Amino acid sequence: KVFLKDGFQIAVTYVFDSEVDPFLEQITGFEQQTNLHQVDVTDPSEVQGFVTTVINQFEGIDVVANIAGGFIGGPSVSEMDTEKWDFMMDLNLKSVFLMCKAVLPYMIERGCGKIVNVSARAGLAGTAGMSAYCVSKGGVRTLTESIAEEVKDKGININAIMPSIIDTQANRQSMPKADFSKWVSPHQIAKVVRFLVSEDAQIINGAAIPVYGQA
């Protein structure tokens, strides 16, 4: 909504058909600025196809916000299924790598572009029972730093944000006794993302911005 209200045309990926109607209900009045694409962001060919389609449709890509991700916690490393480990790496880290890999050649050729990735406070240090999540989100931060070094003289800015607990309905349901007032809303985080892709943030590159609130 933050980007739509500023006049952006946006292309949004989704996985399941059931996600479409609830999403459209949230952006009433902005449907003409929004294009939905069913994409597996862990699949290289699908990501490349998505980026190519968007570039052709909009005659360019100015901003990429890699916000797809998820959380699995609980088992220790000695008890963790390989499938769960791979799922966290694919969803949280590989998806970011693939999208950056697909869009960067275009941005480099054009000499401009903005990318914001989503790391997490959990990516700063290991936590028992959260190894896969911590490693995947820590990887997003270091990947962002590496890309920033690679493109710092090419007119491209890439940064990461590090949320803690976001005030969503799902988190409220899973932690009903928590103090929700200390959590950060998606709208507040979106405004930080919007700033990072603005001209005012031109001097910020390779940063990992905490967006914890009081959580």
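Further up the page is the structure itself.
Overview of the overall build of the protein
Next, step 1: A count of helical and extended segments in the protein gives seven helices and six strands.
Next, step 2: The N-to-C order of helical and strand elements in the protein reads α-β-α-β-α-β-α-β-α-β-α-α-β.
Next, step 3: Relative to a compact globule of 215 residues, whose C-alpha radius of gyration would be 17 Å, the protein shows 17 Å and is just as compact.
Next, step 4: If one aligns the C-alpha atoms of the protein with their principal axes, the spans along those axes are about 45 × 40 × 35 Å.
Next, step 5: Burial analysis of the protein (215 residues in total) assigns 38% to the buried set.
Next, step 6: The contacts in the protein between residues at least 6 apart in sequence include a share of 67% that link residues at least 24 apart.
Next, step 7: Working note: accessible area of the protein is about 11800 Å², and carbon and sulfur atoms make up 54% of it.
Next, step 8: Put simply, the protein has 17 plus and 25 minus side-chain charges, and the middle of one group is 8 Å from the middle of the other.

Concerning the pattern of salt bridges
Next, step 1: Scanning all chains against the criterion turns up five salt bridges.
Next, step 2: Between Glu-145 and Arg-141 there is a salt bridge; the shortest N-O distance is 3.8 Å. Residue Glu-145 and its partner Arg-141 are located together in helix 5 (residues 131-151), separated by four residues, close to a single helical turn.
Next, step 3: As a salt-bridge pair, Asp-167 and Arg-172 come within 2.6 Å of each other at their nearest N and O atoms.

Structural notes on helix 3 (residues 44-58)
Since the α-helix packs 3.6 residues into each turn, any two residues three or four apart lie on the same face.
Next, step 1: Its 15 residues give helix 3 an end-to-end C-alpha distance of 21 Å, which sits within 8% of 21 Å, the value for a rise of 1.5 Å per residue.
Next, step 2: Listed in full, the buried residues belonging to helix 3 are Val-47, Phe-50, Val-51, Val-54 and Ile-55. The arc that holds the buried residues of helix 3, viewed along the axis, is 130 degrees, so those residues lie on one side. Residues of helix 3 that are exposed and point over 90 degrees away from its buried face: Ser-45 and Asn-56.
Next, step 3: Where helix 3 is buried, its residues contact strand 1 (10-14), strand 2 (34-38) and helix 4 (82-110).
Next, step 4: Positive phi shows up at Glu-59, right after helix 3, with a value of about 60 degrees.

Basis of the calculations
Residues numbered from 1 in each chain as written. Predicted model: local features only at pLDDT ≥ 70, side-chain atom pairs only at ≥ 80, totals over all residues. Heavy atoms only, no water. Helix = DSSP H or I, 4+ residues; strand = E, 2+ residues; numbered from the N terminus. Rg over C-alpha atoms; globule rule 2.2 N^0.38 Å. Buried < 20%, exposed > 50% of the residue type's maximum accessible area, 1.4 Å probe, protein only. Contact = heavy atoms within 4.5 Å. Areas by Shrake-Rupley, 256 points an atom, 1.4 Å probe, with all protein chains shown as cover. Lys, Arg positive; Asp, Glu negative; His and termini not counted. Charge placed at Lys NZ, Arg CZ, Asp CG, Glu CD. Salt bridge = Lys/Arg side-chain N within 4 Å of Asp/Glu carboxyl O. Expected span 1.5 Å × (residues − 1). Arc of directions from axis to C-beta.

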